[in-house]
Amino acid sequence: MWAILSILVENKPGILFKVTHLFRSRNFNIDSISVGITENPEYSKMTITTYGDEKQIEQIVKQLDKMIDTVKVERLDEHKTVYRELSLFKIKLSNANDSMEINKLANAYGAKVHDVRKESIMVELTATPDQIAAFEELAKPFGILDVARTGVAALQRSGA
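These numbers were taken from a predicted model, which means no experiment stands behind them. (Residues numbered from 1 in each chain as written. Predicted model: local features only at pLDDT ≥ 70, side-chain atom pairs only at ≥ 80, totals over all residues. Heavy atoms only, no water.)

Brief notes about the nonpolar core
Then, number 1: Ranked by internal contacts, the top residues of the largest apolar core, which has 17 residues, are Leu5, Ile7, Val19, Phe23, Ile60 and Leu64.
Then, number 2: When residues of this core are traced back to their parent elements, those giving at least two are strand S1 (2-10), helix H1 (15-25), strand S3 (43-51) and helix H2 (54-66).
Then, number 3: Setting aside its immediate chain neighbours within four residues, Phe23 contacts Leu5, Phe28, Asn29, Ile30, Ile48, Thr50, Ile60 and Leu64.
Then, number 4: Leu93, Ala106, Leu125 and Ala139 belong to the second largest nonpolar core, which has 15 residues in total. (Core = buried A, V, L, I, M, F, W, Y, C linked by side-chain atoms within 4.5 Å. Buried < 20%, exposed > 50% of the residue type's maximum accessible area, 1.4 Å probe, protein only. Helix = DSSP H or I, 4+ residues; strand = E, 2+ residues; numbered from the N terminus. Contact = heavy atoms within 4.5 Å.)

So, in structure tokens, the structure goes:
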């Protein structure tokens, strides 16, 4: 099962290491991680996605909650949460028609096209991880030269 964890931590050096070390020491993999300062510079918010069974997820949440520098740990319900990831794809252009086809694909996904060159085109897509994976599958036949992804950012909806 996929889980989105939102962790509010004190904005101190070494906290990222402590959190990732906790995952490693429990033999738990981090699928994606994003960290940023909050509206209060004393705190940062980490969004971590991971896979595990219900018991494993509950255990990691409890362990995170016990950490001294942790202020709040929440497991977000993906159905009551807005979550997105930014991805950049550099895609090979073999002929003039490829550029037009990739532009159509990008438009279908609400992506932006950047840096069109003779040999490649760069596409920026902000979407859910599933939508990004679907885009990637459709772009593979053209030849993906490089990919960069930010990790998931998430906020729970109001009243959820």
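Topic: the sheet that holds S1
Then, number 1: Sheet architecture is open: 4 strands sit in the order S2-S3-S1-S4, paired in antiparallel fashion. The sheet is open, and its two edges are formed by strand S2 (30-37) and strand S4 (70-76), each paired on a single side. When the angles between neighbouring strand axes are averaged without regard to direction, this sheet yields 15 degrees.
Then, number 2: As judged from the 7 bridges shared by S2 and S3, these two strands associate in the antiparallel manner. (Pairing = 2+ DSSP bridges. Axes fitted to C-alpha atoms, helices over the stretch in contact; angles between N-to-C directions.)

A word on the packing of H1 against H2
How two helices pack is summed up by the angle between their axes together with the distance between the axes.
Then, number 1: The interhelical angle for the contact between H1 and H2, taken along N-to-C directions, is 145 degrees, at an axis separation of 11 Å. Classified by chirality, the crossing of H2 by H1 is right-handed. When H1 is examined against H2, the residues Val19, Leu22 and Phe23 are found in contact with a partner set consisting of Ile60, Gln63 and Leu64.
Then, number 2: A breakdown of the residues in the contact of H1 with H2 according to their chemical character gives 5 nonpolar, 1 polar and no charged. (Left-handed = near helix turned anticlockwise from the far one by under 90°. Nonpolar A, V, L, I, M, F, W, Y, C, P; charged D, E, K, R; others polar.)

Some points on the packing of aromatic side chains
Then, number 1: In the structure shown here, the tally under the stated rule is 4 aromatic pairs.
Then, number 2: Centroid distance Phe23 to Phe28: 5.8 Å. Interplanar angle 50 degrees. Geometry classified as tilted.
Then, number 3: Residue classification places Phe28 among the buried positions, given a relative accessible area of 11%.
Then, number 4: Ring centres of Tyr109 and Phe135 lie 5.5 Å apart, and the angle between their planes is 80 degrees; on these two criteria the pair is classed as edge-to-face. Separated by 26 residues along the polypeptide, Tyr109 in the loop between helix H3 (96-108) and strand S6 (112-114) and Phe135 in helix H4 (residues 129-139) bring together distant segments of the chain.
Then, number 5: Judged by relative accessible area, which is 26%, Tyr109 ranks as partly exposed.
Then, number 6: Judged by its relative accessible area of 0%, Phe135 falls in the buried class.
Then, number 7: Here a set of aromatic residues connected by ring pairs shows up, and it is made of Phe89, Tyr109 and Phe135. (Phe/Tyr/Trp six-rings, centres within 6.5 Å; stacked < 30°, edge-to-face > 60°.)

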